[in-house]
There are 2 protein chains.
Amino acid sequence: MKAEILCVGTELLLGDIINTNAAYIARELANIGIDVYYQTVVGDNNGRLKESLALAFSRADIVVMTGGLGPTYDDLTKETVADYFHKKMIMDDASLKSIEGFFYRLKRPMTENNKKQAMMPEGAAIFPNANGTAPGLAVSENGKTAILLPGPPAEMRPMFQDAVLPYLMKFSDKVLLSHNIRIFGMGESRVEEMLYDLMKNSTNPTIAPYAKAGEVTLRVTAAAETTEECEKMIAPTIKKIEAVIGKYIYGIDVPDIQTATVKELIRKKVTVATAESCTGGLVSERITEVPGASEIFGCGVCSYANEIKHRVLGVSEETLAKYGAVSEQTAREMAGGVRKLAGADIGVSTTGIAGPGGGTPEKPVGLVYIGIDSDKLTTVLKLNINYHKADERTYIRHMTAQNVFRLIMKALEDY
Amino acid sequence: MKAEILCVGTELLLGDIINTNAAYIARELANIGIDVYYQTVVGDNNGRLKESLALAFSRADIVVMTGGLGPTYDDLTKETVADYFHKKMIMDDASLKSIEGFFYRLKRPMTENNKKQAMMPEGAAIFPNANGTAPGLAVSENGKTAILLPGPPAEMRPMFQDAVLPYLMKFSDKVLLSHNIRIFGMGESRVEEMLYDLMKNSTNPTIAPYAKAGEVTLRVTAAAETTEECEKMIAPTIKKIEAVIGKYIYGIDVPDIQTATVKELIRKKVTVATAESCTGGLVSERITEVPGASEIFGCGVCSYANEIKHRVLGVSEETLAKYGAVSEQTAREMAGGVRKLAGADIGVSTTGIAGPGGGTPEKPVGLVYIGIDSDKLTTVLKLNINYHKADERTYIRHMTAQNVFRLIMKALEDY
């Protein structure tokens, strides 16, 4: 089974946005054994889109398309596909109701052009869009299948998982099941190095690594007759992975490290408070992003100014004068101070040089101290974060927050 | 002048890495007025690469390629291009010396296969690689030009700036210039509806809308002989847009609303402090994401618990008991309290129901109060944020923060 990926959008073609959809879809197709030999990007142009579609179908059985499902006149992917398959466009009542419902929930007026999004090629399979107005769809005839998905990744990805994968599975006679092992603290090449033989020799289940923003995910996927069989095939592989890199795994099938941390805090009934300088609220923001965080989090202070570190958190003026705001001593006093202020079990703090300015030879950009204070331990972690030049500030703040969560998880082992 | 982008690499095709090169090159080409109608990704496969190259040259004058310049047997972009142009591969002594120098500086042994990277199609223009071993190159004949660049962005981008742009300028007879108008407070369909005629009838400059995360950007692009001419052509269009939707525009050519806000705070020397409940630190995080934020921001409090709202921010226990944490009164006292605590010019606060739980008929998910307090005004904005089901919590918090920045911008008009 061969597929091609055809992404439609002038904003992609002009480079205004980066094509993350193509990579996402390519990986998903590879996981279920569908080969992709070409990816193409074309603008919102009827003629060129038509040519690209014909070319893709001359080489492949399935063409997965993204973009051009919007409400405006220059969104013409559906119309072009209908044309290719010689289908009439007809109003899909279920889609229209769903779009109307979407606007009703948003209490926004539905404009006339949104109705266009409910027009579908006759006979299409419709994929509802839980996160936007444009439904996805598939048109299939004579062994050729076009799958049309909305361009925004936040709409496309859930649709792919919920509707497209099951749809594609009908081209296969197997069930597919994946578990995602979340890893923080080692890079992708190191993970691959340590698990090289296992990864290389695993064909069912497969082990696929995904790296992003300082984390690695290993997705273990099995194909079998039933879900239960898949589970049985996956379990020993996960055991083997845990045996090698277990201490870097913060969770399986959890979305991210803050969710894993907050869930563990709730489970152990341990409260936490945050005092942030270089992260500027990022840690408290990520804690409170998790539903239910209020059970274990009541207070965060973003003490950007030294005066606030002193007056609100109780960091001594001597410490600030002698060691400076970015120091082990300040991090320690910030963590202790916020813990006391909040009456929490654990206090954590961040102070560092996030750049782009502010670095010195002694305290360069990327130097970060993370403090943690509880009844059971008081410690400060010093990091020298190696940053990418282009986004140093964002990256340093992100990696600092990642390490805060890892430290909290570690501290929780004592509870 | 038409160009295509052809990215070579199995790791792209399988989605192991995201194709940032295509977007980068597309933008750079658009900037110098070279049109791109297609981007293609193909694996390291001689036959398919050859076909893709022939197809691209059937549609375009210039094909910019990335990847496949490495030292190993499956790197075959150069060989395929040489074949296409019927050129012999010959050793380029300057490139060989440069590669030898690269290994010498790294104190690493040069392997035999690295010599392959100095083999070039006869007559090629060579682009030295300051950041890796693979030189780039251009082969040009009979009006067709292939430009071959290394795959790693850290090598490709400097090479593009230093060598490819000067090389390409000889093909271009026009300059392209864009301005980006940033809009918050109205959706994409509404923007298009209000500007429909203007957008549809504008061909030079063009007006293109981009929507993401509750914001809309209108990119106005002109093509002319000189930058000055472009500016003259764009100015009246921007004026017309401002006349229709001016009060929703928060900036032109600024990356986002927090940057616009922080820059304006710095310019007017006005300090701000934040008291966050439902946003949990998101507002302070976004303020401090902007370099230089410390000039206008010293203190943020994430008062998630009522007790912290009272004890740290001074919200009265009566207010909390009588009206509740999510109320106009609490928002007002939080804003005033943090302003006093921080000694700032403006205090802002957020309190609301971010979901998924916690909603009641009187106070449903999406109900948010934003307080703002200064010498000049004290006011509370009540919002009922209409959310997308899949990410209600993230969306409500995001939209709350967006509105905080909009309110600060509005308050700054009085300074």
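Rules used in this analysis
Residues numbered from 1 in each chain as written. Chains lettered and ligands numbered in written order. Predicted model: local features only at pLDDT ≥ 70, side-chain atom pairs only at ≥ 80, totals over all residues. Heavy atoms only, no water. UniProt positions renumbered as here; feature names shortened; annotations may be inferred. Contact = heavy atoms within 4.5 Å. Buried area = accessible area lost by both parts, 1.4 Å probe. Salt bridge = Lys/Arg side-chain N within 4 Å of Asp/Glu carboxyl O. Nonpolar A, V, L, I, M, F, W, Y, C, P; charged D, E, K, R; others polar. Pairing = 2+ DSSP bridges. Helix = DSSP H or I, 4+ residues; strand = E, 2+ residues; numbered from the N terminus. Axes fitted to C-alpha atoms, helices over the stretch in contact; angles between N-to-C directions. Domains from an automatic or database assignment. Polar contact = N/O pair within 3.5 Å; in protein donor to acceptor, adjacent residues only side chain to side chain. Parallel < 35°, antiparallel > 145°, perpendicular 65-115°, else oblique. Left-handed = near helix turned anticlockwise from the far one by under 90°. Expected span 1.5 Å × (residues − 1). Buried < 20%, exposed > 50% of the residue type's maximum accessible area, 1.4 Å probe, protein only. Arc of directions from axis to C-beta. Disulfide = S-S within 2.5 Å. Patch = residues over 30% accessible without salt bridge, like charges linked within 9 Å, V, L, I, M, F, W, Y side chains within 5 Å. Areas by Shrake-Rupley, 256 points an atom, 1.4 Å probe, with all protein chains shown as cover. Lys, Arg positive; Asp, Glu negative; His and termini not counted. Charge placed at Lys NZ, Arg CZ, Asp CG, Glu CD. 1 Å grid on protein atoms, 1.4 Å probe; cavity = no way out; pocket = protein on both sides within 12 Å on 5 of 7 lines; lining within 4 Å. Points joined across faces, edges and corners; volume = space filled by probe spheres on them.

Chain A carries the name Putative competence-damage inducible protein in an unreviewed UniProt entry, which gives Christensenella tenuis as its organism. Taken verbatim from the UniProt record of chain A, the Sequence similarities (unreviewed entry) comment is "Belongs to the CinA family."

Undergrad: Tell me about the interface of chain A and chain B, and name the residues and values.
TA: Contacts between the two partners involve 66 residues from chain A, matched on the other side by 67 residues from chain B. For the pair chain A and chain B, the two sides together bury roughly 5500 Å², of which 55% comes from carbon and sulfur. Taken together, the links from chain A to chain B amount to five salt bridges. We note a salt bridge from Asp16(A) to Arg219(B), for which the minimum N-O separation is 2.9 Å. By residue class, the composition of the side of chain A that touches chain B is 33 nonpolar, 21 polar and 12 charged. Relative to strand S14 (residues 297-303) of chain B, strand S14 (residues 297-303) of chain A runs antiparallel, the two being bridged by five bridges. When the sheet's bridge partners are listed, Val301(A) is paired in S14(B) with Val301(B).

Undergrad: Describe in detail the sheet that holds strand S12 (residues 249-252) of chain A, supporting the description with residues and values.
TA: Residues and elements named next belong to chain A. Taken together, the four strands give an open sheet; going across it, the order is S10-S11-S9-S12, and neighbouring strands pair in antiparallel fashion. Looking at the sheet topology across the chains shown, the edges are occupied by strand S10 (206-212) and S12. If you compare each strand with its neighbour and ignore which way they point, the axes differ by 25° on average. As paired elements, strand S9 (residues 175-184) and S12 share three bridges and run antiparallel to each other. Looking across to S12, one finds that Arg182 is bridged to Gly251. Sheet strands in contact with helix H9 (residues 227-245) are S9, S10, strand S11 (215-224) and S12, and its direction is about 150° off that of S11. This element, helix H15 (residues 392-412), spans S9, S11 and S12 of the sheet and lies at about 95° to S9.

Undergrad: Run through the domain arrangement of chain A, naming residues and quoting values.
TA: Residue and element names in this part refer to chain A. As assigned here, chain A comprises domain 1 (2-169), domain 2 (175-252) and domain 3 (257-412). Between the C-alpha centres of domain 2 and domain 3 there is a distance of 31 Å. Taken residue by residue, the interface counts seven residues in domain 2 and eight residues in domain 3. Summed over both sides, the interface of domain 2 with domain 3 buries roughly 680 Å², with 63% coming from carbon and sulfur. Contact with domain 3 buries surface across domain 2, with Phe184, Ala213 and Tyr250 losing the most and accounting together for 73% of the total. If you look at where domain 2 meets domain 3, you find two residue pairs in polar contact (both at pLDDT 80 or more).

Undergrad: I'd like a rundown of the packing of helix H2 (residues 20-31) of chain A against helix H6 (residues 153-169) of chain A, residues and numbers included.
TA: Axes are the key here: two packed helices are described by the angle between their axes and the distance separating the axes. All names here are of chain A. For the pair H2 and H6, the least separation of the axes is 11 Å and the interaxial angle reads 20°. By the angle between their directions, the pair H2 and H6 is classed as roughly parallel. In terms of crossing hand, the pair formed by H2 and H6 is right-handed. Here Thr20, Asn21, Tyr24, Ile25, Glu28 and Leu29 of H2 come into contact with H6, specifically with Pro153, Met156, Arg157, Phe160, Gln161, Leu165 and Leu168. Looking at the contact of H2 with H6, its residues break down into eight nonpolar, three polar and two charged.

Undergrad: Kindly report on helix H3 (residues 46-59) of chain A, identifying the contributing residues and their values.
TA: In a regular helix each residue adds 1.5 Å, so 14 residues correspond to 20 Å; H3(A) covers 20 Å between its end C-alpha atoms and thus fits that length. Every buried residue belonging to H3(A) is among Leu49(A), Ser52(A), Leu53(A), Ala56(A) and Phe57(A), and all of these are buried. Buried residues in H3(A), looked at end-on, bunch into an arc of 130°, giving them a common side. Every exposed residue of H3(A) that faces more than 90 degrees away from the buried side is listed here: Glu51(A) and Ser58(A). Taken together, the buried residues of H3(A) touch strand S1 (2-8), strand S2 (35-42), strand S3 (62-66), helix H4 (77-84) and strand S8 (144-149) of chain A together with strand S2 (35-42) of chain B.

Undergrad: Tell me about the state of the cysteines, and name the residues and values.
TA: All told, the structure shown has zero disulfides over all chains when counted by the stated rule. The closest cysteine sulfur to the non-disulfide-bonded Cys7(A) is located on Cys7(B), 13 Å from its own sulfur. Assessed through its relative accessible area of 1%, Cys7(A) is described here as buried. With no disulfide of its own, Cys278(B) has Cys302(B) as its nearest cysteine by sulfur position, at a separation of 9.8 Å.

Undergrad: Lay out a negative patch on the surface with the relevant residues and their values.
TA: Residues Asp173(A), Glu225(A), Glu228(A), Glu229(A), Glu231(A) and Asp253(A) make up a contiguous surface patch of negative charge. Along the polypeptide, Glu231(A) turns up in helix H9.

Undergrad: Which residues make up the layout of surface pockets, and what values do they have?
TA: Residue and element names in this part refer to chain A. Here the second largest pocket is characterised by a volume of approximately 530 Å³. In this structure, the second largest pocket is lined by 25 residues; those nearest its centre are Ala30, Asn31, Thr206, Ile207 and Ala208. Of all the secondary structure elements, the ones that give two or more residues to the lining of the second largest pocket are H2, helix H8 (196-201), S10 and S11. No other element matches S10, which puts five residues into the lining of the second largest pocket. Here the residues of the lining of the second largest pocket sort into 13 nonpolar, seven polar and five charged. When residues of the lining of the second largest pocket are sorted by domain, at least three fall in each of domain 1 (2-169) and domain 2 (175-252).

Undergrad: Explain the environment of Lys232(A) residue by residue, including any values.
TA: Along the chain, Lys232(A) turns up in helix H9. We classify Lys232(A) as exposed; its relative accessible area is 67%.

Undergrad: I'd love a proper account of the UniProt feature "domain: MoaB/Mog" (unreviewed entry) in chain A, names of residues and values included.
TA: As annotated by UniProt and renumbered to match this structure, "domain: MoaB/Mog" (unreviewed entry) occupies residues 4-170 of chain A. Across residues 4-170 of chain A, the secondary structure splits into 41% helix and 23% strand, with the terminal C-alpha atoms separated by 18 Å.

Undergrad: How would you explain the pairing of S2(B) if you had to name every residue and give the values?
TA: Most of S2(B) is tucked away, with six of its eight residues classed as buried. Across five bridges, S2(A) lies against S2(B) in antiparallel orientation. Within S2(B), the position partnered with Gln39(A) by the bridge is Val41(B). Alignment of strand S1 (residues 2-8) of chain B against S2(B), held across seven bridges, turns out to be parallel. Looking at the pairing, Ile5(B) lines up with Gln39(B) of S2(B).

Undergrad: Help me get a handle on empty space enclosed by the protein, residues and values and all.
TA: Applying the stated criterion to the full structure yields four cavities of 30 Å³ or more. If you add up the space inside the largest cavity, you get close to 70 Å³. If you trace the largest cavity, you find it lined by Glu4(A), Tyr38(A), Thr40(A), Ser52(A), Leu55(A), Ala56(A), Arg59(A), Tyr38(B), Thr40(B), Ser52(B), Leu55(B) and Arg59(B). Among the elements of the structure, S2 and H3 of chain A together with S2 and helix H3 (46-59) of chain B are those that each provide at least two residues to the lining of the largest cavity. For the lining of the largest cavity, a count of residues per class yields five nonpolar, four polar and three charged. Roughly 60 Å³ of internal volume is contained in the second largest cavity. The wall of the second largest cavity is formed by Asn19(A), Ala22(A), Gln39(A), Val41(A), Asn19(B), Ala22(B), Gln39(B), Thr40(B) and Val41(B). Of all the secondary-structure elements, those providing two or more residues to the lining of the second largest cavity are S2 of chain A together with S2 of chain B. With three residues, the top contributor of residues to the lining of the second largest cavity is S2(B).

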